[in-house]
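Here's the letter readout for the chains.
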Amino acid sequence: MDITDNLINKIDIYLKQNLLIKRYKHSISTARTAKNLCKLFGIDNKKGYLAGLLHDIARDIDIDDLFKIVSRDGNTISSEEKEDPVLLHARAGAVITKELFNIDDIEIIESIQLHTTGNIGMGDLAKIIYIADYIEPGRKYITKEYLEGLRGKSLNEMFEIVVKSVADYLSKKGHIISTKTLQLLEEFENERKK
């Protein structure tokens, strides 16, 4: 995929017009964090930046509109998504990315779709976006000590640490932990037992 400055500028303008300022800043910070992680792990950092920029493109869309948008992706809406519709912003973001910007790169779309829940078998770019979304510098709950604990880890080790942190965070806040996230946690546990 050819990622041009013109494409980045078009997306940036769209985000400025359609996201709350704090979400826009979060998207920029996630994109920069993803770019740096991609460089660290030898992954296309332009794709990382682009996926980070786009990951929350649908986050500030009204819930009723989210349901309409995800109906266009051809997948059913799960009971978890009905119970916690904010989960739909990831799927809706993938639809918007395809429809508005003609981006159909599988790795970028997967990164946007899975940044809220993760999934077994997800690709490296998707793991990076999941991590970057959680650890970007604007996140007040991420400490220097936490980041130090990630230093020197492989991508898979870092991903496991972050997924566990996300699950703990959601649990403490009384939010739903998606089935996909629970399956990931189970996979990590099974791998440890081997």
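Residues numbered from 1 in each chain as written. Predicted model: local features only at pLDDT ≥ 70, side-chain atom pairs only at ≥ 80, totals over all residues. Heavy atoms only, no water.

1. Let's talk about the layout of surface pockets
Phase 1 of the analysis: Taken as a whole, the largest pocket spans an internal volume of roughly 880 Å³.
Phase 2 of the analysis: Around the largest pocket sit 29 residues that line it, and Arg-59, Asp-133, Arg-139, Tyr-141 and Tyr-169 are the ones nearest its centre.
Phase 3 of the analysis: Of all elements in the fold, only α2 (21-41), α8 (124-135) and α10 (155-173) reach the threshold of two or more residues within the lining of the largest pocket.
Phase 4 of the analysis: If you tally residues by element for the lining of the largest pocket, the top one is α2, at five residues.
Phase 5 of the analysis: Taken together, the residues that form the lining of the largest pocket break down as nine nonpolar, 10 polar and 10 charged.
Phase 6 of the analysis: Of the volumes computed, that of the second largest pocket is approximately 380 Å³.
Phase 7 of the analysis: Lining the second largest pocket are 16 residues; nearest its centre among them are Leu-37, Ile-135, Leu-147, Leu-150 and Arg-151.
Phase 8 of the analysis: Those elements that place two or more of their residues in the lining of the second largest pocket are α2 and α9 (144-150).
Phase 9 of the analysis: The residue makeup of the lining of the second largest pocket, split by class, is eight nonpolar, three polar and five charged. (1 Å grid on protein atoms, 1.4 Å probe; cavity = no way out; pocket = protein on both sides within 12 Å on 5 of 7 lines; lining within 4 Å. Points joined across faces, edges and corners; volume = space filled by probe spheres on them. Helix = DSSP H or I, 4+ residues; strand = E, 2+ residues; numbered from the N terminus. Nonpolar A, V, L, I, M, F, W, Y, C, P; charged D, E, K, R; others polar.)

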